Each structure stands twice: as C-alpha cells, then as structure tokens.
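Summary of structural features
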Amino acid sequence: MVSKDFTVDLNKPLVFQVGHLGEAYDEWVHQPIVSKEAPRFFADDFAELLTLTKWWVIPLVWLPIASGFVLLSIHRGLSQQLAVLNIVCGIFLWSLFEYIFHRFVFHMKTTSYWGNTLHYFIHGFHHKHPMDSLRLVFPPALTAVIAIPLWSLVKLLSTPTIAPALFGGGLLGYVLYDLTHYYLHHGRAYNQSTQKLKKYHLDHHFKVQNMGFGVTSTFWDRIFGTFPGKKITSGN
C-alpha cells in the first residue's frame, strides 16, 4: 500500500523505494540532484555492478558488431555504395526511434508501485541524478534486449541483403547517441553548435522536461512540435 507521507531515503538503495511514492513520484523524480556522486540502486553488489557502465564500453562493444552487420550485407552482394546509403538511412531511422522512445517510454507517466519502479530504473534515475557518469550510457545487456526485437523487425520489413547494413547503421546511430549524450553532460562545448546542443539538452533536464526530447539533434522536436520556445532556448 502506498503511503502519502513516504519519504525516499537517499542513503539506502533507491530502486525498490521509489515505487512507494505513488502519485508523488513524477514530481519527485523531476527535482534533480546535481551531484557527481552516484546513488545506490541495489543492496546486492553484483546487481549494482550491472547498472554501472563506463562511456567507452559502448563503442568497444557495439562498433565491431555494427561493422559486422554491414560486412554481412556486402558479403551477400550489396555494393559498397548501397551499403553506405543504408548506413545513413539506419542512422536517420535511429534518430526517429531515439525521439519516440525518449518521449513516450522514458517520459511515460506512472503512479503504481511497479510502474514507478520500472520508470526509475530505465530513465527516471537519470533525471533525478543527471550527472551520474556511470549510469549515463546504456549497459550493453539492456541494449541487447532492445536490439534483438528491432533486428527482427528490420529483417521482416527489409531484404536479406539490405537488412544487415540498415541495422548496422541503426547501431551506429545508437553509438553516436550514447556518446553524444555523455558528452552533453560531461564534455566541454568547443564551438557554437555544441554549445547550443549542450544547452538544449540541459534545458530538458532543468527547465522544460516535457519538451526537447531529441539528444543528437533537434530535428524531430521541430517536426512534432516539442521544440521549446525561444524564451527557453535563448536562456532569457
């Protein structure tokens, strides 16, 4: 049973606490704690370890796999020119998936115990502790859980020759997404474009959390009407 007076103890493992917040969860999770100190998720050390991922693990694991998919298409007879085209298409499709998943899954509204718990585990923690560097990129095991059905979908909708290159492009798009996301939180802007994108994403965390769902670009936010107004993006 949910207690209206429940208070999360930040000094204890968080994942199985937050569900008790009930309707208060959404407000709580969108009040960020700006600290580089990582919160504890689980009491069990092994389970806790599985939630921690260094940023460099992402290209180390997924770039060889993405390359393997592209080479499989070439081995099946796809020309190098068409392979490149499908890689670009895969990156573009990933950007749409990134937007949809972020907007409708990562920002779903929940009030039940297990709904709150699941949301916190997959994305809510990132809004509560946005500077936690070890939980900013996806653990490879979790990525694989999402990638397997997506690969099945690509195979269903494409040809055996094209599907691997298209999926490989999507994996490359994912790698670019996760690295960009890490950079936007922990990197230093080196030109006007990166400064704008960095501010755009941090505004999503600290100013207007129901808009600005794009991470690698603002393209789909502009298309679907979730681009924040000029007052927010200009910082006025």
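Notes on the structure follow. (Residues numbered from 1 in each chain as written. Predicted model: local features only at pLDDT ≥ 70, side-chain atom pairs only at ≥ 80, totals over all residues. Heavy atoms only, no water.)

Structural notes on the overall build of the chain
- Each helix and strand in the chain was counted, giving 10 helices and 0 strands.
- Counting helices and strands in the order they occur from the N terminus, the chain gives α-α-α-α-α-α-α-α-α-α.
- By the compact-globule yardstick of 18 Å for 236 residues, the chain fits well, its C-alpha radius of gyration being 19 Å.
- Taken along the three principal axes of its C-alpha coordinates, the chain extends 65 × 45 × 30 Å.
- Scored against the burial criterion, the 236 residues of the chain give a buried share of 43%.
- Summarising the internal contacts of the chain: among those between residues at least 6 apart in sequence, 69% fall at separations of at least 24.
- As displayed, the chain has an accessible area near 13000 Å², and 66% of this comes from carbon and sulfur atoms.
- Looking at the chain, you have 19 positive and 14 negative side-chain charges, and the mean spots of the two groups are 11 Å apart. (Helix = DSSP H or I, 4+ residues; strand = E, 2+ residues; numbered from the N terminus. Rg over C-alpha atoms; globule rule 2.2 N^0.38 Å. Buried < 20%, exposed > 50% of the residue type's maximum accessible area, 1.4 Å probe, protein only. Contact = heavy atoms within 4.5 Å. Areas by Shrake-Rupley, 256 points an atom, 1.4 Å probe, with all protein chains shown as cover. Lys, Arg positive; Asp, Glu negative; His and termini not counted. Charge placed at Lys NZ, Arg CZ, Asp CG, Glu CD.)

Brief notes about the packing of aromatic side chains
- Under the definition given, this model contains 31 aromatic pairs.
- Arranged with centres 5.3 Å apart and planes meeting at 75°, the rings of Phe41 and Phe125 form a pair that is edge-to-face. In this pair, Phe41 sits in the loop between helix H1 (25–29) and helix H2 (45–49) while Phe125 sits in helix H5 (residues 113–128), placing the two residues 84 residues apart along the sequence.
- Summarising the aromatic geometry, the rings of Tyr99 and Phe224 are spaced 5.4 Å apart at their centres and angled 20° between planes, so their arrangement reads as stacked. On the criterion of sequence distance, the pair formed by Tyr99 in helix H4 (residues 80–106) and Phe224 in helix H9 (residues 219–224) is long-range, its members being 125 residues apart.
- Overall, the relative accessible area of 2% leaves Tyr99 in the buried class.
- Residue Phe224 is classed as partly exposed on the basis of its relative accessible area, which comes to 41%.
- Grouping aromatic residues by their ring pairs yields a cluster made of Phe16, Tyr25, Trp28, Phe41, Phe42, Tyr113, Trp114, Tyr120, Phe121 and Phe125.
- Between the NZ or CZ atom of Lys128 and the centre of the ring of Trp28, over which it lies, the distance is 4.3 Å. (Phe/Tyr/Trp six-rings, centres within 6.5 Å; stacked < 30°, edge-to-face > 60°. Lys NZ or Arg CZ within 6 Å of the ring centre and 35° of its normal.)

Here's the deal with the environment of Asp132
- Residue position: Asp132 is located in the loop between H5 and helix H6 (140–157).
- Judged by its relative accessible area of 2%, Asp132 is buried.
- In this structure Asp132 touches Ser35, Ala38, Pro39 and His186, once residues within four positions along its chain are discounted.
- One polar contact links the side chain of Asp132 to the main-chain amide nitrogen of Leu134, over a distance of 3.2 Å. (Polar contact = N/O pair within 3.5 Å; in protein donor to acceptor, adjacent residues only side chain to side chain.)

Regarding the side chain of Thr226
- Take Thr226: it is sitting in the loop between H9 and helix H10 (230–234).
- Using a relative accessible area of 4% as the deciding quantity, one classes Thr226 as buried.
- At a separation of 2.8 Å, a polar atom in the side chain of Thr226 contacts the side chain of Tyr99.
- When near neighbours in sequence (up to four residues on either side) are disregarded, Thr226 contacts Tyr99, Arg103, Tyr200, Met211, Gly212, Phe213 and Asp221.

Thoughts on a nonpolar patch on the surface
- A surface patch of nonpolar side chains, amounting to about 490 Å² of accessible area, comprises Phe92, Leu93, Phe219, Ile223 and Phe224.
- Within the residue set of the nonpolar patch, elements represented by two or more residues are H4 and H9.
- Summarising the element assignment, Ile223 is placed in helix H9.
- Residue class for Ile223 comes out partly exposed when judged on its relative accessible area of 48%. (Patch = residues over 30% accessible without salt bridge, like charges linked within 9 Å, V, L, I, M, F, W, Y side chains within 5 Å. Salt bridge = Lys/Arg side-chain N within 4 Å of Asp/Glu carboxyl O.)

Keep in mind these values describe shape, not function.
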